[in-house]
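Analysis of the macromolecular model
Now for the letters of each chain:
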Amino acid sequence: WHCVTSIAKSFFMTMLPWYLAKSWPGNVGHPAASPAGVAQGHQSNAVAVFCSHIFKRNRDLTKAWRGKTEQLLRVDEHDFTMRPAFGGPAIPVGVDVQVESLDSISEVDMDFTMTLYLRHYWKDERLSFPSTNNKSMTFDGRLVKKIWVPDVFFVHSKRSFIHDTTTDNIMLRVFPDGHVLYSMRVTVTAMCNMDFSHFPLDSQTCSLELESYAYTDEDLMLYWKNGNESLKTDEKISLSQFLIQKFHTTSRLAFYSSTGWYNRLYINFTLRRHIFFFLLQTYFPATLMVMLSWVSFWIDRRAVPARVSLGITTVLTMSTIITGVNASMPRVSYIKAVDIYLWVSFVFVFLSVLEYAAVNYLTTVQERKERKLRERFSCSCGIPHSKTMMLDGNYSESDANSLAGYTRNQMAAEEEKPEKMVVHLAMSNESNSSRKRGLKGHVGLRIIQNTHAIDKYSRLIFPGTYIFFNLIYWSVFS
């Protein structure tokens, strides 16, 4: 435009004085007849030569100015509601994807959110244009509404949108031979069927599926443009709870009974869950609660408030841990690996409470029996300092021999000799040897029924069993 205006101005300033001089010969002093007018005519010629040089250098029609872009692409001359080569063979549409970010993985909703660049490649001869240097033209999303583009959608998607800040993130690039590159930036939330039977020691495989909505495989052939190389990922992609192991692509045909066969493309990625978070939040607290319940085995059985409060506290804490884990998980109908660990730990804590219940019950029963023995076999012996001694099996043979000489005739009521020591014996009037044998058998029976023995055995059985369970659990699920 600058060149055209310069030429027009120079032509007007040169030809008008010449025309006036020729029409009125008396006007000799006109600038067109002077050397200055000649110089101005040479300047106009120089401008014309310069502008013609610019036109020769920019002969590419793609760079030349047009009134409308549609005139170059001839958009108005074709019906772009029809696919390219309508009525002929299926049009091949290549696809490649660059994953920008993997935003989130939700176990509760069983879905994932991904942001990606989706690109389509196809050829539409209706968009071809002449060009001497094979340069392409690039447009934004405003031209997409006027031409034919593939109707690819995301199968099993819940939400998806094209980014529109600051304008629609759409790019259309047209080549002179009619090849088209159509690219858009999309964020999609799609469904992912997860298996939590090994949670949290699990790996999950999710897929993002692409398919044409209207065109069957007879009209549109959707394929990965470069095979596995068609999928690119950003090296900075990372997730807080998962380790991304691999991305890969697959394709197959999908059949719908009402419409037919469609080409479907898959973006598959495998995720492995980080276990360290769950070790700190679930496994270690559960293990510590189980170990804390074992402390009651070393507390005196007569300290009822201490042992009961410790058992109830550990049981309630385990219930809280189980509730917290299940609150962040979907309500699946099968057992998860973490459920096995937590419920076995809960059983160990609960058994420690039952263990003290058994100890307390046996202690009560034993004291009742001993009280009956005191009432039945009470005697007063000639020993100063009135005391009451209960022999419950924790005495030596010398103590038994020191009392072996006493008979029933030598025993009197406790009220008659208050200054004497009351000794409760469970021995007969037989000979010393018979009494010794009966005493040894009685001592053996009392050791079996001794309530201290239950705590002593529990100190070994509970930790040993729990360690054995952990060895089996981690060897199976890890």
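Residues numbered from 1 in each chain as written. Predicted model: local features only at pLDDT ≥ 70, side-chain atom pairs only at ≥ 80, totals over all residues. Heavy atoms only, no water.

**Some details on the overall build of the protein chain**
- For the protein chain, the count of helices and strands is nine helices and 14 strands.
- Nonlocal contacts in the protein chain, meaning residues at least 24 apart in sequence, comprise 78% of its contacts between residues at least 6 apart.
- Total accessible area on the protein chain stands at roughly 28,500 Å², and carbon and sulfur atoms take up 59% of it. (Helix = DSSP H or I, 4+ residues; strand = E, 2+ residues; numbered from the N terminus. Contact = heavy atoms within 4.5 Å. Areas by Shrake-Rupley, 256 points an atom, 1.4 Å probe, with all protein chains shown as cover.)

**Re the nonpolar core**
- With 80 residues, the main nonpolar core has Val 97, Phe 112, Leu 116, Leu 172 and Leu 208 as its most contacted residues.
- Those residues within four positions of Val 97 in sequence are excluded, and the remaining contacts are Leu 116, Tyr 117, Leu 118, Trp 224, Ser 230, Leu 231, Lys 232 and Ile 267. (Core = buried A, V, L, I, M, F, W, Y, C linked by side-chain atoms within 4.5 Å. Buried < 20%, exposed > 50% of the residue type's maximum accessible area, 1.4 Å probe, protein only.)

**Here we look at the confidence of the model for the protein chain**
- Residues of the protein chain with pLDDT of at least 70 account for 69%, and the chain-wide mean is 78.
- Considering each helix and strand of the protein chain separately, the mean pLDDT is smallest for strand E14 (residues 422-423), with a value of 40, and largest for strand E7 (residues 179-191), with 96.
- The model gives residues 380-431 a pLDDT under 50, and that stretch makes 71 contacts with residues more than four places away or in other chains. (pLDDT = per-residue confidence, 0-100.)

**Re the pattern of salt bridges**
- Tallying each qualifying case throughout the model produces 15 salt bridges.
- Salt-bridge contacts for Lys 336 lead to Asp 339; the nearest nitrogen and oxygen are separated by 3.0 Å. Neither residue differs from the other here; Lys 336 and Asp 339 are each classed as buried.
- When salt bridges that share partners are traced, they join Glu 107, Asp 202 and Arg 273 into one network. (Salt bridge = Lys/Arg side-chain N within 4 Å of Asp/Glu carboxyl O.)

**Overview of unusual backbone geometry**
- Between Thr 165 and Thr 166 the backbone carries a cis peptide bond, its omega angle lying at 0 degrees.
- You can see Thr 166 is positioned in the loop between strand E5 (157-162) and strand E6 (170-174).
- With an omega of 0 degrees, the peptide bond running from Phe 199 to Pro 200 counts as cis.
- Following the sequence through the fold, Pro 200 ends up in the loop between E7 and strand E8 (203-212).
- Positive phi outside glycine occurs at Met 110, with the angle close to 55 degrees.
- Residue placement: Met 110 occurs in the loop between strand E1 (91-106) and strand E2 (111-123).

**A word on helix H5 (residues 304-327)**
- For H5, with 24 residues, the first-to-last C-alpha span of 35 Å sits near the 34 Å given by 1.5 Å per residue.
- For H5, the complete set of buried residues consists of Arg 307, Leu 310, Gly 311, Thr 314, Val 315, Met 318, Ile 321, Ile 322 and Val 325. (Expected span 1.5 Å × (residues − 1).)

**Regarding the environment of Tyr 256**
- The residue Tyr 256 is located in strand E11 (residues 242-256) in this model.
- Not counting the four nearest positions on each side in its chain, Tyr 256 is found in contact with Glu 211, Tyr 262 and Arg 264.
- A polar contact of 2.6 Å, which involves the side chain of Tyr 256, links it to the side chain of Arg 264. (Polar contact = N/O pair within 3.5 Å; in protein donor to acceptor, adjacent residues only side chain to side chain.)

**Digging into the packing of helix H4 (residues 276-293) against H5**
- Contact geometry for H4 and H5: axes closest at 9 Å, N-to-C directions at 165 degrees. In terms of orientation, H4 lies roughly antiparallel with respect to H5. Between H4 and H5 lies a crossing whose hand is left-handed. Residue-level inspection shows Thr 282, Pro 285, Ala 286, Met 289, Leu 292 and Ser 293 of H4 in contact with H5, the latter providing Leu 310, Thr 314, Thr 317, Met 318, Ile 321 and Val 325. (Axes fitted to C-alpha atoms, helices over the stretch in contact; angles between N-to-C directions. Parallel < 35°, antiparallel > 145°, perpendicular 65-115°, else oblique. Left-handed = near helix turned anticlockwise from the far one by under 90°.)

**What about the packing of aromatic side chains?**
- In total, this model carries 27 aromatic pairs according to the counting rule given.
- Pairwise contacts between aromatic rings join Tyr 283, Trp 294, Phe 297, Tyr 341, Phe 348, Phe 462, Tyr 466, Phe 469, Tyr 473, Trp 474 and Phe 477 into one cluster.
- A cation over an aromatic ring shows up here: Lys 225 above the ring of Tyr 121, its NZ or CZ 4.8 Å from the ring centre. (Phe/Tyr/Trp six-rings, centres within 6.5 Å; stacked < 30°, edge-to-face > 60°. Lys NZ or Arg CZ within 6 Å of the ring centre and 35° of its normal.)

**Digging into the side chain of Arg 264**
- Note that Arg 264 resides in strand E12 (residues 260-273).
- Residues contacting Arg 264, with those up to four places away along its chain left out, are Val 155, Glu 209, Leu 210, Glu 211, Thr 250, Ser 251, Arg 252, Ala 254 and Tyr 256.

**Structural notes on the packing of H5 against helix H6 (residues 337-376)**
- Running from amino to carboxyl end, H5 crosses H6 at an angle of 165 degrees, the nearest separation of the two axes being 10 Å. When the axes of H5 and H6 are compared, the pair comes out roughly antiparallel. Helix-helix and strand crossings are classified by hand; for H5 and H6 the assignment is left-handed. Of the residues in H6, those touching H5 at Val 304, Arg 307, Val 308, Gly 311, Thr 314, Val 315, Met 318, Ser 319, Ile 321, Ile 322, Val 325 and Asn 326 are Val 338, Asp 339, Leu 342, Trp 343, Ser 345, Phe 346, Val 349, Phe 350, Val 353, Glu 355, Tyr 356 and Asn 360.
- Residue composition of the contact of H5 with H6, grouped by class: 15 nonpolar, six polar and three charged. (Nonpolar A, V, L, I, M, F, W, Y, C, P; charged D, E, K, R; others polar.)

**Quick notes on a positive patch on the surface**
- A cluster of like positive charges, contributed by Arg 368, Lys 369, Arg 371 and Lys 372, occupies part of the molecular surface.
- With respect to the helices and strands, the residue Arg 371 is situated in helix H6.
- Exposure remark for Arg 371: the relative accessible area of 39% places this residue in the partly exposed category. (Patch = residues over 30% accessible without salt bridge, like charges linked within 9 Å, V, L, I, M, F, W, Y side chains within 5 Å. Lys, Arg positive; Asp, Glu negative; His and termini not counted. Charge placed at Lys NZ, Arg CZ, Asp CG, Glu CD.)

**What to know about the sheet that holds strand E4 (residues 152-155)**
- The antiparallel open sheet is built from four strands, whose spatial order is E4-E8-E12-E11. On the outer flanks of this sheet lie E4 and E11, each paired with one strand and no other. The mean inter-strand angle of the sheet, taken between neighbouring strand axes irrespective of direction, is 25 degrees.
- Pairing geometry for E11 and E12, over 14 bridges, is antiparallel. Across the sheet, residue Ser 251 finds its bridge partner in E12, namely Leu 265. (Pairing = 2+ DSSP bridges.)

**A few points about the side chain of Thr 249**
- Inspection of the secondary structure assignment puts Thr 249 in strand E11.
- The buried category is assigned to Thr 249, whose relative accessible area is 9%.
- A polar atom in the side chain of Thr 249 sits 2.9 Å from the side chain of Asn 228.
- If near-sequence neighbours (up to four positions away) are discounted, Thr 249 is found in contact with Trp 224, Gly 227, Asn 228, Leu 231, Tyr 266 and Asn 268.

**A closer look at the pairing of E2**
- Among the 13 residues that make up E2, ten are buried, leaving the element largely enclosed by the rest of the structure.
- As paired strands, E1 and E2 are joined by eleven bridges and run antiparallel to one another. Opposite Val 99, over in E2, you have Leu 116 as the bridge partner.
- Turn length for the E1-E2 hairpin, with the two strands adjacent in sequence and antiparallel, is four residues, and the turn residue Met 110 shows positive phi of about 55 degrees.
- Sheet topology note: the E2/E7 ladder contains 13 bridges and is antiparallel. Considered in E7, the bridge of Phe 112 is made with Ala 190.

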